[in-house]
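Structure assessment
Each chain, letter by letter, is given below.
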Amino acid sequence: MQTNSSRLRFDSQASLDEFTAALAAKTSAPGGGSAAALVGAVGVSLASMAAHFTISKPQFMAHEKALNELLDEVSSVRVALLSLVDEDAKGLAHLMSVYKIPKDNPQRSDLLQQALQGAYKAPLAMMEQICSAIDILDKMSSMCAPMLLSDVGSGALICRAALEAASYNVLVNIRLLHDKQEAQAVDTRCSYMLTHFVAQAEACAERIRRYMKG
């Protein structure tokens, strides 16, 4: 990873130290959207850990097929979210470059609208992926070994926070769109995901909390 926003990548060669240093630097990208995607990937990874440990236990053999299917889902969501770390940073970096165009440039307004559209797409996509992560964790809560429930509950709460954070990075961009129908459609989609999946994550975590408290 490089802290130069135009070259930002998050892959197996990157370290958390490098990524958080890039977040902490006086640069626009990476920003909150990239952070939300990474946090979502962390949350859903806990479902994978719980599944791997549960599959090895004979008393959970009845769930083996379902757990293996969930592992495939987790892998897809995790990889998608990590790719969105970079996509969000690229969209944000482009938007910031357009803001620097002189206001008397006749092309600025159209370019800005295009950049705003590009900037909201990555966090909207990560919201969709994080909703899938929450659904996976909720399913995992009814199949995993009891000792892994704390990890599943942690993952659910982590993903809830990531979902809400990602939504901020959608809303900050659609509020400036000239196409109010587009803005309303995106806002409606965000509201649906927040209403349904924040509640699902909280309900999952609360069930686990009640179980752990006996």
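So, how was this worked out
Residues numbered from 1 in each chain as written. Predicted model: local features only at pLDDT ≥ 70, side-chain atom pairs only at ≥ 80, totals over all residues. Heavy atoms only, no water. Salt bridge = Lys/Arg side-chain N within 4 Å of Asp/Glu carboxyl O. Helix = DSSP H or I, 4+ residues; strand = E, 2+ residues; numbered from the N terminus. Buried < 20%, exposed > 50% of the residue type's maximum accessible area, 1.4 Å probe, protein only. Axes fitted to C-alpha atoms, helices over the stretch in contact; angles between N-to-C directions. Parallel < 35°, antiparallel > 145°, perpendicular 65-115°, else oblique. Left-handed = near helix turned anticlockwise from the far one by under 90°. Contact = heavy atoms within 4.5 Å. Nonpolar A, V, L, I, M, F, W, Y, C, P; charged D, E, K, R; others polar. pLDDT = per-residue confidence, 0-100. UniProt positions renumbered as here; feature names shortened; annotations may be inferred. Core = buried A, V, L, I, M, F, W, Y, C linked by side-chain atoms within 4.5 Å.

- As recorded in an unreviewed UniProt entry, the protein goes by Formiminotransferase-cyclodeaminase and comes from Fannyhessea vaginae DSM 15829.

A word on the pattern of salt bridges
- Evaluation of the coordinates by the stated rule reveals eight salt bridges.
- Between glutamate 87 and lysine 90 there is a salt bridge; the shortest N-O distance is 3.9 Å. Placement of both glutamate 87 and lysine 90 in helix H3 (residues 64-99) is noted, with a separation of three residues, approximately one turn of the helix.
- Between aspartate 138 and arginine 207 there is a salt bridge, with its nearest N and O atoms 2.4 Å apart. Of this pair, aspartate 138 sits in helix H4 (residues 108-140) while arginine 207 sits in helix H6 (residues 180-213), and the two are 69 residues apart along the sequence.
- On the basis of relative accessible area, aspartate 138 is assigned to the buried category, the value being 18%.

Some thoughts on the packing of helix H1 (residues 16-24) against helix H2 (residues 32-55)
- Where H1 meets H2, the closest approach of the two axes is 10 Å, and the angle between their N-to-C directions is 150°. By the angle between their axes, H1 is roughly antiparallel relative to H2. In this structure, H1 meets H2 at a crossing whose hand is left-handed. Contact residues: Leu16, Phe19 and Leu23 in H1; Ser34, Ala35 and Leu38 in H2.
- By residue class, the composition of the contact of H1 with H2 is five nonpolar, one polar and no charged.

With respect to the confidence of the model for the protein
- When pLDDT is averaged along the protein, the result is 91; 93% of the residues meet or exceed 70.
- For the stretch residues 1-12, pLDDT sits under 50, and the model shows 23 contacts to residues farther than four places along the chain or on other chains.

A closer look at the UniProt feature "domain: Cyclodeaminase/cyclohydrolase" (unreviewed entry) in the protein
- Under the present numbering, the feature "domain: Cyclodeaminase/cyclohydrolase" (unreviewed entry) in UniProt falls on residues 15-190.
- Within the segment residues 15-190, helix and strand shares are 79% and 0% respectively, and the terminal C-alpha atoms sit 31 Å apart.

Description of the nonpolar core
- One finds Ile130, Met140, Leu163 and Val170 to be the most contacted residues of the largest nonpolar core, which totals 62 residues.
- Counting only elements with at least two residues in this core, the list comes to H2, H3, H4, helix H5 (149-174) and H6.
- No other element matches the 16 residues that H4 contributes to this core.
- When neighbours within four sequence positions are excluded, leucine 163 is seen to be in contact with Met127, Ile130, Cys131, Ile134, Met193, Leu194, Phe197 and Val198.

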